Structure formats: structure tokens, C-alpha cells
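Structural overview for review
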Amino acid sequence: TIWWVSRKITDPILQLASISKRMSDLDFNAKYTGKDKNEIGLLGNNMNQMSDRLEETISELKTANNELQKDIAKKEQIDEMRKEFLSNVSHELKTPIALILGYAEGLKEDINEDPESRDFYCDVIMDEAEKMNVQAQAEQFRLRFLLPAFPQCREKLWKAVRKNAGFLSHNT
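Residues numbered from 1 in each chain as written. Predicted model: local features only at pLDDT ≥ 70, side-chain atom pairs only at ≥ 80, totals over all residues. Heavy atoms only, no water.

Topic: the overall build of the protein
Secondary structure summary: the protein contains 4 helices and 0 strands in total. Each helix (α) and strand (β) of the protein, taken in turn from the N terminus, gives the series α-α-α-α. Here the protein, with 172 residues, has 24% of them falling under the buried criterion. Surface accessibility of the protein: about 12800 Å² in total, with carbon and sulfur atoms responsible for 57%. (Helix = DSSP H or I, 4+ residues; strand = E, 2+ residues; numbered from the N terminus. Buried < 20%, exposed > 50% of the residue type's maximum accessible area, 1.4 Å probe, protein only. Areas by Shrake-Rupley, 256 points an atom, 1.4 Å probe, with all protein chains shown as cover.)

Below is the structure:
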């Protein structure tokens with residue numbers, strides 16, 4: 001009888017030890033199955049509840065982590081779009097700006113004194129300024145189709161576009 005009483009106490013404790021080991025390895029499928037109404041049964045039921053809560057919480061964390069990874073991927077894509085946009089605008093503006101500066105310096109230095117040459121220089125400056133304006137409008141048009149997929153960045157990019165468009169309109 002002592003052996004039977006000893007097994008009645010040690011078997012549930014060994015089962016709880018096994019369950020706690022599996023839980024520490026993030027295996028939440030193991031459940032206490034004892035029907036005891038004593039302290040060991042209470043401990044087993046509490047471990048089952050803890051296992052369920054841990055499994056649920058870890059699942060929620062995994063879901064949140066996946067969402068965060070998606071958000072990070074979107075942000076990286078937006079950053080790449082921004083870099084590409086700025087690179088395109090910068091590249092497309094360098095040539096017209098260089099021409100405008102060159103012809104403006106020529107006008108200022110009175111390289112050509114005849115009115116026909118000055119008109120030609122002014123026409124080149126105006127033509128290049130118009131090209132810059134058209135390019136800025138084309139970039140704005142392109143962004144109208146790209147930005148709806150990324151509403152969180154829309155306002156930030158539009159501010160940059162408006163600032164650049166304002167620069168172009170004030171300097172043309």
C-alpha cells in the first residue's frame with residue numbers, strides 16, 4: 001500500500017514536471033490530464049491555463065512581428081522610391097541648370113552685345129527652365145500613381161515635390 005500511495009503522489013508530479021519541460025521548449029500541446037481535486041490537480045489545471053495563455057500570447061506576438069516585418073518592407077520600398085525620385089530629379093535638373101547658369105553668366109558678362117544674341121541667350125534660358133518645369137510636373141504625375149499604395153508617406157513626398165516645384169516656378 002505504501003508503494004501505491006507513493007505512486008499516487010509521484011506520478012502526477014512527474015507528469016507536471018514533464019509538461020513544464022515541454023512548455024519550456026515552447027511545446028504547448030502537453031496538458032495535465034489528472035482528475036485530482038487536491039493541490040496537485042489545482043497546479044495541473046493552472047499549468048494548463050498558463051500553457052494556453054502562453055500559446056495565445058506567443059501567437060499574437062508572431063502575428064505582430066509579421067505585420068512589423070511587412071511595415072518595414074514597405075518603408076524600405078518607400079525609401080527606395082524616394083531615393084530614386086530624388087536621383088531622377090537631381091539628374092534631370094543638372095543639365096538645364098548648367099545651361100541656364102552658363103547663358104546667364106554670358107548675358108551678365110555681355111559676351112554678345114547685339115540684341116539678337118541676347119534674345120537667343122534669353123530663349124535658351126527660358127527653354128531650359130520650361131524643360132525643368134515639365135520634368136517636375138512629370139515626376140508629380142508619376143508620383144500620383146505610386147503614392148496611393150503607400151498612404152503613410154504621401155504627405156511627406158508631396159511636401160518635397162511642392163517645395164521643388166516652388167523652387168522651379170520662382171526661378172523660371
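Section: the confidence of the model for the protein
A low pLDDT means the predicted coordinates there should not be read in detail. With 81% of its residues at a pLDDT of 70 or more, the protein has an overall mean of 80. For the protein, the element scoring lowest by mean pLDDT is helix H4 (residues 151-170), at 54; helix H1 (residues 2-24) scores highest, at 90. Within the model, the stretch residues 167-172 combines pLDDT values under 50 with 5 contacts to residues more than four positions away or in other chains. (pLDDT = per-residue confidence, 0-100. Contact = heavy atoms within 4.5 Å.)

Description of the packing of aromatic side chains
Evaluated as defined, the whole model comprises 3 aromatic pairs. Measuring from ring centre to ring centre gives 6.1 Å for Tyr103 and Phe120, while their planes differ by 70 degrees; the resulting arrangement is edge-to-face. Residue Tyr103 is found in helix H2 (residues 39-108), and its partner Phe120 is found in helix H3 (residues 115-146); the two are separated by 17 residues along the sequence. With relative accessibility at 47%, the residue Phe120 sits in the partly exposed group. Ring centres 4.8 Å apart and planes at 75 degrees place the aromatic pair Tyr103 and Tyr121 in the edge-to-face group. (Phe/Tyr/Trp six-rings, centres within 6.5 Å; stacked < 30°, edge-to-face > 60°.)

A look at unusual backbone geometry
Look at Leu26: it is not a glycine, yet its phi comes out positive at around 65 degrees. Mapped onto the fold, Leu26 is located in the loop between H1 and H2.

Regarding the side chain of Asn48
Within the fold, Asn48 resides in helix H2. Within polar-contact distance, the side chain of Asn48 engages the backbone nitrogen of Tyr32 at 2.7 Å. Sequence-distant contacts of Asn48, that is, excluding residues within four places in its chain, are made with Lys31 and Tyr32. (Polar contact = N/O pair within 3.5 Å; in protein donor to acceptor, adjacent residues only side chain to side chain.)

Some details on the pattern of salt bridges
Tallying each qualifying case throughout the model produces 9 salt bridges. The shortest N-O distance in the salt bridge between Lys21 and Asp25 comes to 3.2 Å. (Salt bridge = Lys/Arg side-chain N within 4 Å of Asp/Glu carboxyl O.)

Remarks on the nonpolar core
Membership of the largest hydrophobic core is limited to 8 residues, which are Leu16, Ile19, Met23, Phe28, Ala30, Tyr32, Ile40 and Met47. If you tally residues by element for this core, the top one is H1, at 3 residues. Discounting chain neighbours no more than four positions away, the residues touching Met23 are Phe28, Met47, Met50, Ser51 and Leu54. Counting 5 residues, the second largest nonpolar core, distinct from the first, contains Leu93, Ile100, Ile125 and Ala129. (Core = buried A, V, L, I, M, F, W, Y, C linked by side-chain atoms within 4.5 Å.)

Some points on H1
When the terminal C-alpha atoms of H1 are compared, their 33 Å separation across 23 residues agrees well with the 33 Å that a helix rising 1.5 Å per residue should span. Here H1 has its buried residues at Pro12, Leu16, Ile19 and Met23. (Expected span 1.5 Å × (residues − 1).)

Examining the environment of Gly102
Relative to the helices and strands, Gly102 is located in helix H2. According to the relative accessible area criterion, Gly102 is partly exposed, its value standing at 37%. C-alpha separation for the pair Gly102 and Tyr121, spaced 19 residues apart in sequence, amounts to 9.4 Å.

Some details on a negative patch on the surface
Together, Glu105, Glu109, Asp110, Glu113, Asp114, Glu116, Asp119 and Asp123 give the surface a local cluster of negative charge. Element by element, the count of residues in the negative patch is highest for H3, at 3 residues. By relative accessible area, which is 68% here, Glu116 ends up exposed. (Patch = residues over 30% accessible without salt bridge, like charges linked within 9 Å, V, L, I, M, F, W, Y side chains within 5 Å. Lys, Arg positive; Asp, Glu negative; His and termini not counted. Charge placed at Lys NZ, Arg CZ, Asp CG, Glu CD.)

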